[in-house]
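# Commentary on secondary and tertiary structure
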Amino acid sequence: MNRLLGWHTKAGDLGLRLLQLHLLWIWWTLRGAVVLGVFPATAAVLAVVRRDAMRGDEGRDRPPLRQEFRAFWRQELGAANVVGYAVTVVWVVLLLDRQLLAVVDLGPAGPVLAGVLWVVTAFAFIMTVSLPALSAHFADRPGALLRRAAVLVVARPRQALLNALVVGIVLCTYYVVPGLIPVFGVAMPAYLSFSYLWGSGLLGAPAAGTVAAEPVAAGAAR
């Protein structure tokens, strides 16, 4: 009974923290006029989730959540926007290519190109959902971070695919139960994605003393 009560308490605490993170995500997205705020806010959510995982369940040394989120948002303002908009451009090109294939008759080459586009789109999706967790954990420059995500998909396809599946399940759940979106929003998939990748051992443990917000050398864990 005590164990069950403990699980319920932890689940309640986690749900409350994810709700608070989502509300902060909305506020700081708006603070950045959306176009400059959404990607740093998303990066800040992952950074807080990562720090929680580093501290363990007790989290007795947690700073105030608003203060922590604000510090991460400001720290990630430049890099998160560069990565975010680079990925956005890729998705715009993929969507335009899909529309083009739908309206232009390319003859026998059409089905082949459509198949190639499906493979590229799947690769881009798996890579995209891996990026936030990698960005939170590694102090890479934007270009190196994109390469790291691509290498993850190629070198560890099973783990990368399972991570995409986890995020995809959350998105499908949001579609079926849209009332969950204003409660958990981006915080839930961020939490599950980082928890899975961290638990899989793909994210190397940070060196002693590097759990703080400041990044360490490029290519190393923060």
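From a predicted model like this one, the values you see are computed outputs, not experimental measurements. (Residues numbered from 1 in each chain as written. Predicted model: local features only at pLDDT ≥ 70, side-chain atom pairs only at ≥ 80, totals over all residues. Heavy atoms only, no water.)

This part covers a nonpolar patch on the surface. Nonpolar side chains collect at one region of the surface, where L23, I26, L30, V34, V35, L36, L77 and Y85 lie side by side and expose about 680 Å² of accessible area between them. The set of elements that each furnish at least two residues to the nonpolar patch consists of α1 (2-31) and α3 (65-103). The leading source of residues in the nonpolar patch is α1, at 3 residues. Within the secondary structure layout, I26 lies in helix α1. (Patch = residues over 30% accessible without salt bridge, like charges linked within 9 Å, V, L, I, M, F, W, Y side chains within 5 Å. Areas by Shrake-Rupley, 256 points an atom, 1.4 Å probe, with all protein chains shown as cover. Salt bridge = Lys/Arg side-chain N within 4 Å of Asp/Glu carboxyl O. Helix = DSSP H or I, 4+ residues; strand = E, 2+ residues; numbered from the N terminus.)

All right, on to the side chain of S130 then. Considering the arrangement of structural elements, one finds S130 in helix α4 (residues 109-137). Reaching out from S130, the side chain makes a polar contact with the backbone oxygen of I126 at a distance of 2.9 Å. (Polar contact = N/O pair within 3.5 Å; in protein donor to acceptor, adjacent residues only side chain to side chain.)

Let us look at the confidence of the model for the protein. The predicted model of the protein has a mean per-residue pLDDT of 84, with 84% of residues at 70 or higher. Summarising per-element confidence for the protein, the mean pLDDT is lowest in α1 (81) and highest in helix α6 (residues 157-176) (93). Contacts from residues 207-218, a stretch scored under 50 in pLDDT, to residues over four places away or in other chains number 23 contacts. (pLDDT = per-residue confidence, 0-100. Contact = heavy atoms within 4.5 Å.)

At a minimum axis distance of 10 Å, the contact between α6 and helix α8 (residues 187-200) shows a crossing angle of 160°. It follows from the interaxial angle that α6 and α8 lie roughly antiparallel. Relative to α8, the crossing made by α6 is right-handed. Residues R158, Q159, L162, N163, V166, V167, V170 and Y174 of α6 lie in contact with α8, whose contacting residues are M188, P189, L192, S193, Y196, L197 and S200. For the contact of α6 with α8, the per-class residue count stands at 10 nonpolar, 4 polar and 1 charged. (Axes fitted to C-alpha atoms, helices over the stretch in contact; angles between N-to-C directions. Parallel < 35°, antiparallel > 145°, perpendicular 65-115°, else oblique. Left-handed = near helix turned anticlockwise from the far one by under 90°. Nonpolar A, V, L, I, M, F, W, Y, C, P; charged D, E, K, R; others polar.)

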